[in-house]
Amino acid sequence: RGHRYKTIIISLLFPTQVMERNVDPEGTLLTFLRKNWTLLSKSWLLRLTGTKYACGRGGCGACTVMVSKHDPVSRKIRHFSVTACLMPICSLHGAAVTTVEGVGSIKTRLPPVQERIAKSHGTQCGFCTPGMVMSMYTLLRNHPQPSEEQLMEALGSNLCRCTGYRPILESGRTFCMESNSCQQKGTGKCCLDWGENDSSPLGKKSEICTKLFAKEEFQSLDPTQELIFPPELLRMAENPEKRTLTFYGERGTWISPGTLKDLLELKVKHPKAPLVLGPAMKSQGHFHPVLLSPARISELSMVTKTSDGLTIGAGCSLAQMQDILAERIAELPEEKTQTYRALLKHLRSLAGQQIRNMASLGGHVISQHCCSDLNPVLAVSNATLNLISAEGTRQIPLNEHFLAGLASADLKPEEILESVHIPHSQKWEFVSAFRQAQCQQNALPHVNAGMRVLLKEGTDSIEDLSIAYGGVGAATISAHRSCQLLLGRRWNELMLDEACRLLLDEVSLPGSAPGGRVEFKRTLVVSFLFKFYLEVLQELKKLVKLFSDSRHHSEVSDQFLSALEDFLVTIPQGVQTYQNVDPHQPLQDPVGRPIMHLSALKHATGEAMFCDDIPMVDKELFMALVTSSRAHAKIISIDVSKALELPEVVDVITAEDIPGTNGAEGDKLLAIDEVNCVGQIICAVVAETDVQAKRATEKIEITYEDLEPVIFTIKDAIKHNSFLCPEKKLEQGNVEEAFEKVDQILEGEVHVGGQKHFYMETQRVLVIPKTEDKELDIYVSTQDPAHVQKTVSSTLNIPINRITCHVKRVGGGFGGKVGKPAVFGAIAAVGAIKTGHPIRLVLDREDDMLITGGRHPVFGKYKVGFMNNGRIKALDIECYINGGCTLDDSELVTEFLILKLENAYKIRNLRFQGRACMTNLPSNTAFRGFGFPQGALVTESCITAVAAKCGLPPEKIREKNMYKTVDKTIYKQAFNPETLIRCWNECLDKSSFYSRRMHVEEFNKKNYWKKKGIAIIPMKFSVGFAATSYHQAAALVHIYTDGSVLVTHGGNELGQGIHTKMLQVASRELKIPMSCMHISETSTATVPNTIATAASISADVNGRAVQNACQILLKRLEPIIKKHPEGTWEDWVSVPLPLLLQMRKQSKPVLRQHYAQPSHTETVPLSVTVMENFLNQCAFLQGLGESGMFLGSSVFFAIADAVATVDIAEDFMVQSPATPERVRMACADRFTEMRPRELSMWIHTWQIPPAEGYSR
Ligand SMILES: Cc1cc2nc3c(=O)[nH]c(=O)nc-3n(C[C@H](O)[C@H](O)[C@H](O)COP(=O)(O)OP(=O)(O)OC[C@H]3O[C@@H](n4cnc5c(N)ncnc54)[C@H](O)[C@@H]3O)c2cc1C
Ligand code: FES
Ligand code: FES
């Protein structure tokens, strides 16, 4: 009792055992693994940095590790994946943890799971890869030959921002038993099964290549080679410690009792202390002085099968509950398992597998959170809660009173939940569960529901009815009153109408409901009931023969049956084809071949070092930022005294500490007198630990005086004439005159939503001041180290030559790491100079998303004049972008957008205007596509509207207006459309567009509730910067006397594989294998004055520089080679010559592509074909970085096509993105009609209109 225990025994990196003597009760497994010291001992050196921090909320899977525990009841070892960022370290006492380093290493043994993800091209930036590997590894430990469904489930909550998932899943599929064909063309036949001379949809088999890796070369998986569970832990598990273990921290205490009796006594002593089993406490981030852990209480994991139901221990994880329910469903007759099936359905989509492995049934029920997926089902199925306390036991119903949190129906402070009893269903009873979320997996539901009806035996009259909803209020809501009023009614359309009316009345959603979406949610309330109504009717149809009552019951028409089919989570089918290299190309020459990313194996083993993986340096301090909580205000005072009083806090950095320039006028690094958005940086705390620095930021008191106006939206900015720069305008032909001659004129508006930056690696920088000559070394995650260098120089007022920026690799950038890293680098550098210590600044995800802005939302207005045959004669578009509070890249984005608005169309009379609005939002910035995707969406929406007006398919209008002959673009560049036309035709042909369109039409005729759509969108995308002087790059190539070559260039490795491509170029030029070459990092000391790695041209311009440098070096070697033609490379270069060359070069035509891997974040079937025999005369590569982004618009227009087949309640195309809410609300039916008209008046009052907010 109360035994003071300071040792945690877990096994990390099988079979090494870790004894941590000073574990912090507030700490997570992630900080424990990554940090090289702990708060209390300041001595521990573990530093397993393969496990990554990306969100800290259990939402991305980057921190996935495998936990293994011995289950004393089944006497089996359980392996399960968890997210280390939410795993309290103390809860792991006695567990074994396997991190990515424990799976394998490039230095020792590389197991199949790591080898295959790397060789299948499943890594780009590699930041998500360790998490992917660990999810897959855990799956394979439990199922060496998994099914594709199991693979999808295992990876369901691992996010990747680069690869588009296809290659990752492809690597996992190599372990699966079955493998479905790619279903090209919807023929049911795999494209690879076509005969040699078949005219396959992808072209002749001999001409295409789809094989990016040789599966037969992979090592096979041998489960016997896996490391065993540590015997010491086995002994611990078999002779469980009964004493209470207590872990003391600086602020809190973790108590883990060994018996139920002790737990109940502790609950009396600490009635306010939460019981911690799962991730919830960590994800909420609240502080509790005492935490009770019931993890060692076996009574809470008991499962009892009784004749009337199933009793599941509150300590069972949701994943264990899935297994228990599945087992019971297999054992019992169907009629008894209705509730279990409904629960199982929701458990499959609740969070991701890692969270289900951690979250407990007890924690889930007791949290009573409003979006709980299980509570509505448990509530309608009459589940009871078995409670226990030192006083004894009692049962309470899991009903609406409990869920509403009524004290009389809830647990007493000293009580705990021991188990949940779920009764069997019975004959004539039907239970169902419904859920609508932003996406199928790993997303909290907008609305969910549990529904149960008991019909009077042999009839369709309602004997009992229960309906409960989640997501529509502060708690799970039960529609008790409506259900009571429907008792005795027959299960028919009349009952349905009445039920909908009653439900909408009872489940009232005020306009200010949290999360908004009120109309959508009300529609879901009745739509779910309709689905339930149909489901029960279908079941009744099966039972009809048993009817004793001869009354006729309602039937479901065939047309309506599609409402009953759920969308299955299936493995995305896709194929990537590319053209083989010329058979005469020398084997050594790697250009044009699908080479694995140079760092791929290191990504897979976690050995690839990112900025925050750099070990702590001597005397290092941490920085945390303080940001504005007001949108527009005067800063009256900043009081830092309370922060400075905290232990371990060293200093607070404000604008006054800046020795040089504080940013630019209107765009200060640290705010001085005024703030212009929430999230603007005001000052920064420097402390000995990151935790303490973060805590101290909360103690800084800032007094504000609010200022007017506060502008958030584009429309408000227009009203206030609030703009960041002058208007941009392009005009061609005579627009007004053309409008007078056309058959028809259409005008419309389009709102394109913004997008938050979500590179997996948040912004981070490490600044190390040197003792001599004011030198600074800066390690930073950036796309533009020269910009960081320059900004730090002007901020500190020291010459650029004293500052060296190093970039090893970046965990994704997408434009978000072009400008902002300079701000963070400069603030950290001020801290480093002021304190004289190295400073590490790592943004947590919340700060990163708050501060960094994102893609510009766009509001476009168009006026288009066209002939009745669809030929467009005049187009006038006006676009406004929401730039946020500072200029940043907004002027350039406006220019780029205006220049590219014509997309692939030759329209003689054009007028494009653009303005960047100044609003009180964080400044928006560069983002993949740089305004093109938003602008082109406006143009394509306009084209689609013209098609609808002409009564013609949109693809016909597109074709009619496309460039046909060599012509000048609006920006006066000669453009040959040959490739555009070829690409369009091939795409139509290879996708069998027209037969698919027929299939879609056929499907839509037969199905009322499910619709299909199809779209094909052309794209003309010119890469590069508007200022051609930016198309320069430099490379520095060293040849050493042992024959090895060190290549350096100005591009940064963001995951796009630029270093791999540069070595391919160098290898071709020097005619030596890539294995003789190396790229260490990008550094401003080796290649100075570089341009940002952006605009899809970095590989081209740097490739040219590398090529040039290699050619000159080879020329220098020529005399020696000529003299010793029989010599080897090593012989030639061992002669001392100045074999070092730096080249600055402008891009010129040469070579071919490496390979393309467009990013695609949803599981949409995707085929990528890189066109054959297409020699791009202007580039090494095809500039695929940014252009791919807009290809996703075809999905938007396909959805628009599907929506167009139903009655339209609102114009779908006026707003993107196409969220489930927008799709649903665009389709008018009897359920959308049921919402009260007055709702629309206050529908958006709680938030910025969605089109100008961000897609969530
Ligand atoms: C990333 C993420 C995504 C999620 N997505 C979803 C989703 O899509 N749908 C959904 O429904 N849920 C979702 N959840 C919530 C999840 O299902 C759990 O409900 C939640 O994590 C609570 O369970 P826990 O085991 O973590 O609770 P804990 O942290 O262990 O406990 C939560 C509360 O319950 C109390 N408690 C726990 N056990 C007992 C007991 N035996 N007796 C008395 N009190 C007890 C604790 O004192 C505490 O107050 C998500 C959670 C996360 C972190
Ligand atoms: S899930 Fe842990 S960092 Fe994202
Ligand atoms: S490779 Fe997955 S996030 Fe970059």
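Remember, predicted model here, so these are calculated numbers, not experimental data.

### A look at the UniProt feature "binding site: Mo-molybdopterin" (unreviewed entry) in the protein chain
In the numbering used here, UniProt assigns the "binding site: Mo-molybdopterin" (unreviewed entry) feature to Gln-783, Phe-814, Arg-928 and Ala-1095. Maximum C-alpha separation among the annotated residues is 12.5 Å over a sequence range of 313 residues, consistent with a single clustered spot. Checked against the element boundaries, Phe-814 lands in the loop between strand 30 (803-807) and helix 25 (820-835). What makes Phe-814 buried here is its relative accessible area of 19%. Mapped onto the elements, Ala-1095 comes out in the loop between strand 41 (1082-1083) and helix 33 (1098-1123). Among all residues touching Ala-1095, those that are not within four sequence positions of it are Val-1023, Gly-1024, Phe-1025 and Glu-1186.

### Considering the nonpolar core
Within the largest apolar cluster, 65 residues are counted, with the highest numbers of intra-cluster contacts made by Leu-29 and Met-321. Those residues in contact with Leu-29 that lie beyond four places of it in its chain are Val-65, Ala-84, Met-87, Ile-89, Leu-92 and Val-97. Core analysis: the second largest hydrophobic core is formed by 50 residues, Ile-877, Val-893, Ile-898 and Ala-926 among them.

### Structural notes on the pattern of salt bridges
What the rule picks out here adds up to 64 salt bridges. Here Asp-888 and Lys-820 are joined by a salt bridge, their closest N and O atoms 3.8 Å apart. With Asp-888 in the loop between strand 34 (872-882) and helix 27 (890-900) and Lys-820 in helix 25, this pair connects stretches of sequence that are 68 residues apart. Residues Lys-1115 and Glu-1118 are paired through a salt bridge, measuring 3.7 Å at the closest nitrogen-oxygen approach. You can see Lys-1115 and its partner Glu-1118 sitting in helix 33, 3 residues apart, about one turn around the helix. Judged by relative accessible area, which is 55%, Lys-1115 ranks as exposed. Judged by its relative accessible area of 34%, Glu-1118 falls in the partly exposed class.

### Quick word on the environment of Leu-843
With respect to the secondary-structure elements, Leu-843 resides in the loop between strand 31 (839-842) and helix 26 (845-851). For Leu-843, a relative accessible area of 3% corresponds to the buried category. Here the alpha-carbon distance between Leu-843 and Glu-761, two residues 82 residues apart in the chain, equals 9.4 Å. Leu-843 has contacts with Tyr-53, Leu-625, Thr-762, Gln-763, Phe-824, Asp-848 and Ile-851, leaving out every residue within four places of it along the chain.

### A look at helix 32 (residues 1058-1070)
Between its first and last C-alpha atoms helix 32 spans 18 Å; for 13 residues at 1.5 Å apiece the expected length is 18 Å, and the two agree. Taking burial as the measure, the 13 residues of helix 32 include 12 buried ones, the bulk of the element. On its buried face, helix 32 is in contact with strand 39 (1045-1049), strand 40 (1077-1078), strand 41, helix 33 and helix 34 (1129-1133). Phi turns positive, to about 60°, at Lys-1071, one or two residues after helix 32.

### What to know about the site of ligand 1
For ligand 1, the set of nearby residues contains 33 residues, the closest of which are Leu-275, Ala-280, Ser-360, Asp-373 and Leu-417. In the environment of ligand 1, an oxygen atom lies 2.8 Å from a nitrogen or oxygen atom belonging to the backbone of Leu-275. At a separation of 2.8 Å, a nitrogen atom of ligand 1 approaches a polar backbone atom of Leu-417. Those elements that provide at least two residues to the shell around ligand 1 are helix 9 (280-284), helix 13 (361-367) and strand 13 (416-423). Here the shell around ligand 1 gets 5 residues from one element, more than from any other, and that element is helix 13.

### Examining unusual backbone geometry
Excluding glycine, most residues fall at negative phi; most peptide bonds, likewise, are trans. With an omega of -10°, the peptide bond between Glu-708 and Pro-709 qualifies as cis. Residues other than glycine seldom take positive phi values, yet Asn-797 does so here, at roughly 60°. Position of Asn-797 among the secondary structure elements: in the loop between helix 24 (785-796) and strand 30. The class of Asn-797 is exposed, set by a relative accessible area of 57%. Not every positive phi belongs to a glycine, and Lys-972 is a case in point at roughly 65°. Here Lys-972 lies in the loop between strand 36 (967-968) and strand 37 (974-975). On the basis of relative accessible area, Lys-972 is assigned to the exposed category, the value being 59%.

### Notes on the packing of aromatic side chains
The final tally for this structure, using the stated rule, is 24 aromatic pairs. Seen from their ring centres, Phe-859 and Tyr-880 are 6.3 Å apart, and the 20° between their planes marks the pair as stacked. Taken together, the positions of Phe-859 in strand 33 (residues 858-866) and Tyr-880 in strand 34 put the pair 21 residues apart, joining distant regions of the chain. Considered together, Phe-859 and Tyr-880 belong to a single accessibility category, that of buried residues. On the basis of an interplanar angle of 80° and a centroid distance of 5.0 Å, the ring pair of Tyr-963 and Phe-975 is categorised as edge-to-face. You can see Tyr-963 sitting in the loop between helix 29 (954-961) and strand 36 and its partner Phe-975 sitting in strand 37, a full 12 residues away along the chain. We classify Tyr-963 as buried; its relative accessible area is 1%. On the basis of relative accessible area, Phe-975 is assigned to the buried category, the value being 17%.

### Observations concerning the sheet that holds strand 20 (residues 633-639)
Spatial ordering of the open sheet is given by 22-20-24, a layout of 3 strands whose pairing is antiparallel. Taken across any chain shown, the strands that pair with only one partner, and hence form the sheet edges, are strand 22 (674-675) and strand 24 (701-706). Here 2 bridges tie strand 20 to strand 22, and the two strands are oriented antiparallel to one another. Bridging across to strand 22, Lys-634 finds its partner in Glu-674.

### Section: the UniProt feature "binding site: [2Fe-2S] cluster 2" (unreviewed entry) in the protein chain
If you check UniProt for "binding site: [2Fe-2S] cluster 2" (unreviewed entry), the listed places come out as Cys-125, Cys-128, Cys-160 and Cys-162 in our numbering. These annotated residues cover 38 residues of sequence, but their C-alpha atoms sit close together, with the largest distance between any two at 9.4 Å. Structurally, Cys-125 can be placed in the loop between helix 3 (112-119) and helix 4 (129-142). Every residue in contact with Cys-125, bar those within four places of it in the chain, is listed here: Cys-162, His-603, Phe-610, Val-810, Gly-811, Gly-812, Leu-1054 and Gly-1055. Here Cys-162 shows up in the loop between helix 5 (148-154) and helix 6 (166-173).

### Let's talk about the environment of Phe-993
Along the chain, Phe-993 turns up in helix 31 (residues 993-1006). When its relative accessible area of 3% is taken as the criterion, Phe-993 is described as buried. A sequence separation of 21 residues divides Phe-993 from Ile-1014, and the C-alpha atoms of the two residues are 8.3 Å apart. Each residue touching Phe-993, except ones within four places of it in the same chain, is listed here: Glu-955, Leu-988, Ile-1014, Ala-1015 and Ile-1016.

Criteria and thresholds
Residues numbered from 1 in each chain as written. Chains lettered and ligands numbered in written order. Predicted model: local features only at pLDDT ≥ 70, side-chain atom pairs only at ≥ 80, totals over all residues. Heavy atoms only, no water. UniProt positions renumbered as here; feature names shortened; annotations may be inferred. Helix = DSSP H or I, 4+ residues; strand = E, 2+ residues; numbered from the N terminus. Buried < 20%, exposed > 50% of the residue type's maximum accessible area, 1.4 Å probe, protein only. Contact = heavy atoms within 4.5 Å. Core = buried A, V, L, I, M, F, W, Y, C linked by side-chain atoms within 4.5 Å. Salt bridge = Lys/Arg side-chain N within 4 Å of Asp/Glu carboxyl O. Expected span 1.5 Å × (residues − 1). Near = heavy atom within 4 Å. Polar contact = N/O pair within 3.5 Å; in protein donor to acceptor, adjacent residues only side chain to side chain. Phe/Tyr/Trp six-rings, centres within 6.5 Å; stacked < 30°, edge-to-face > 60°. Pairing = 2+ DSSP bridges.

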